[in-house]
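The chain contents come next:
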Amino acid sequence: MRLCNDILSAAGWPYWLFFLLSVTILCILFFRRERQIRKITAKEITRQQSLVYLEMHAFQAQMDPHFIFNSLNAIHHYILTTSTDLASLYLTRFARLMRSMIRNCNKEWINLEEDVEALELYLQLEQLRFGPQFDYNLEVLPEVFQQVTMIPPLIIQPYVQEAIWQRLLLRPEKTGGFLKIIISRDKDMLCIHIADNGVHNDTIPPSDASFLKGITIAAERLEAINEKYNLRASVEEEDVYNDQHEPDGSHVIIKMQHVSSRLN
């Protein structure tokens, strides 16, 4: 205390001036800190609102009216043609898919097993409708533990839907289409490979708005989740060529850091 008094006396500062300066500095630091906290909070609220908006629109994009209408039309056709077993199978799978979509639409994370189950149902329904136009293989490699691996819902399906509708179904042969989906791990990265032998991108007519919307929303959600959790997520799309350098399909790779547990 005496040292402080000596310093003030030497500097010629009165006590009230020292006190006023101290209070002023503390107030400036306090308000600067408060402004920084408000800025961080506002940014987090905006990010959360953006995620909620994208999740809602992802659900709307997946509940594509064309898909629902065509599926119900197919069920109606099987009933009228006395294919009651096939109609029952189609209806059961359709109901399970709708229930899965509704259950997961407001979740930020679900386990991979649930997502793969919904994807399998979607593929089965599309294959029932289009028969010989395409076949598919969905494989999860052993190093991926589906029950404990978490993934954002409604991320994979838009790219699968695009591969079917914008490439495989446009094959002039109307048969022999093939879609291959492999889910694997590369160190700490989860990798989803979606490959098809459909029509080359350059020959596709302008994409339907609903497909573009689904792809756009999936990419934006992945980017938002990547920013929030730093998952190092990315989507790569490339055209595939055969040995004669002719177009021979497309390949999409979705990568994100492996997440083994996450609370919604």
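Check the entry above for the structure.
Numbers given for residues are sequential positions, taken from 1 along each chain in its written order. Totals for whole chains, interfaces and linings use all residues, but because this is a predicted model, local features are given only for residues with pLDDT of at least 70 and pairs of side-chain atoms are given and counted only at 80 or more. To obtain the side-chain values, all non-hydrogen atoms of the structure were included, while hydrogens and water were left out.

Novice: Sorry if this is basic, but what is going on with the packing of helix α5 (residues 112-130) against helix α6 (residues 157-166) here?
Specialist: What describes two packed helices is the angle between their axes and the distance between those same axes. Only the stretch in contact is used when fitting a helix axis, every axis being a line fitted to C-alpha atoms; angles between N-to-C directions are given from 0 to 180 degrees. Secondary structure elements follow DSSP: runs of H or I of four or more residues count as helices, runs of E of two or more count as strands, with numbering from the N terminus. α6 packs onto α5 with a crossing angle of 15 degrees between their chain directions and a minimal axis gap of 11 Å. On the basis of the axis angle, α5 is roughly parallel to α6. When you trace α5 past α6, the crossing you get is right-handed. Of α6, the residues touching α5 (which contributes Leu-119, Tyr-122, Leu-123, Glu-126, Arg-129 and Phe-130) are Gln-157, Val-160, Gln-161, Ile-164 and Trp-165. Charged residues are taken to be Asp, Glu, Lys and Arg, nonpolar residues to be Ala, Val, Leu, Ile, Met, Phe, Trp, Tyr, Cys and Pro, and polar residues to be all remaining types, Gly included. In terms of residue class, the contact of α5 with α6 is built from 7 nonpolar, 2 polar and 2 charged. When an angle is under 35 degrees it counts as roughly parallel; over 145 it counts as roughly antiparallel; between 65 and 115 it counts as roughly perpendicular; any other value is oblique. Each crossing gets its hand from how the near helix is turned against the far one by less than a right angle, where anticlockwise is left-handed and clockwise is right-handed. Contacts were defined at the residue level, with two residues in contact if any of their heavy atoms lie within 4.5 Å.

Novice: Any chance you could explain the side chain of Glu-162 here in plain terms?
Specialist: Structurally, Glu-162 can be placed in helix α6. With sequence-adjacent residues up to four places away left out, Glu-162 is seen in contact with Arg-167, Ile-215 and Glu-237.

Novice: Honestly, the packing of aromatic side chains in this entry has me stumped. Any pointers?
Specialist: Aromatic ring pairs are reported here in terms of the distance separating the ring centres and the angle at which the planes meet. Note on ring pairs: Phe, Tyr and Trp rings are taken, using the six-membered ring of Trp, and paired if centres are within 6.5 Å. Classes follow the plane angle, with under 30 degrees stacked, over 60 edge-to-face and the rest tilted. On inspection of all chains with the given rule, the structure shows 1 aromatic pair. With 5.4 Å between their ring centres and 85 degrees between their planes, Phe-130 and Trp-165 make a pair best called edge-to-face. Pair noted here: Phe-130 is in helix α5 and Trp-165 is in helix α6, with a separation of 35 residues, a long-range link. Only protein chains enter the accessibility calculation, which uses a 1.4 Å probe; a residue is then buried when its area is under 20% of its type maximum, exposed when over 50%, and partly exposed in between. Using a relative accessible area of 15% as the deciding quantity, one classes Phe-130 as buried. You can call Trp-165 partly exposed: its relative accessible area is 25%.

Novice: What is the right way to read the environment of His-76 from this model?
Specialist: Position of His-76 among the secondary structure elements: in helix α3 (residues 65-80). Residue classification places His-76 among the partly exposed residues on the basis of a relative accessible area of 45%. Residues His-76 and Ala-87, spaced 11 residues apart in sequence, show a C-alpha to C-alpha distance of 7.6 Å.

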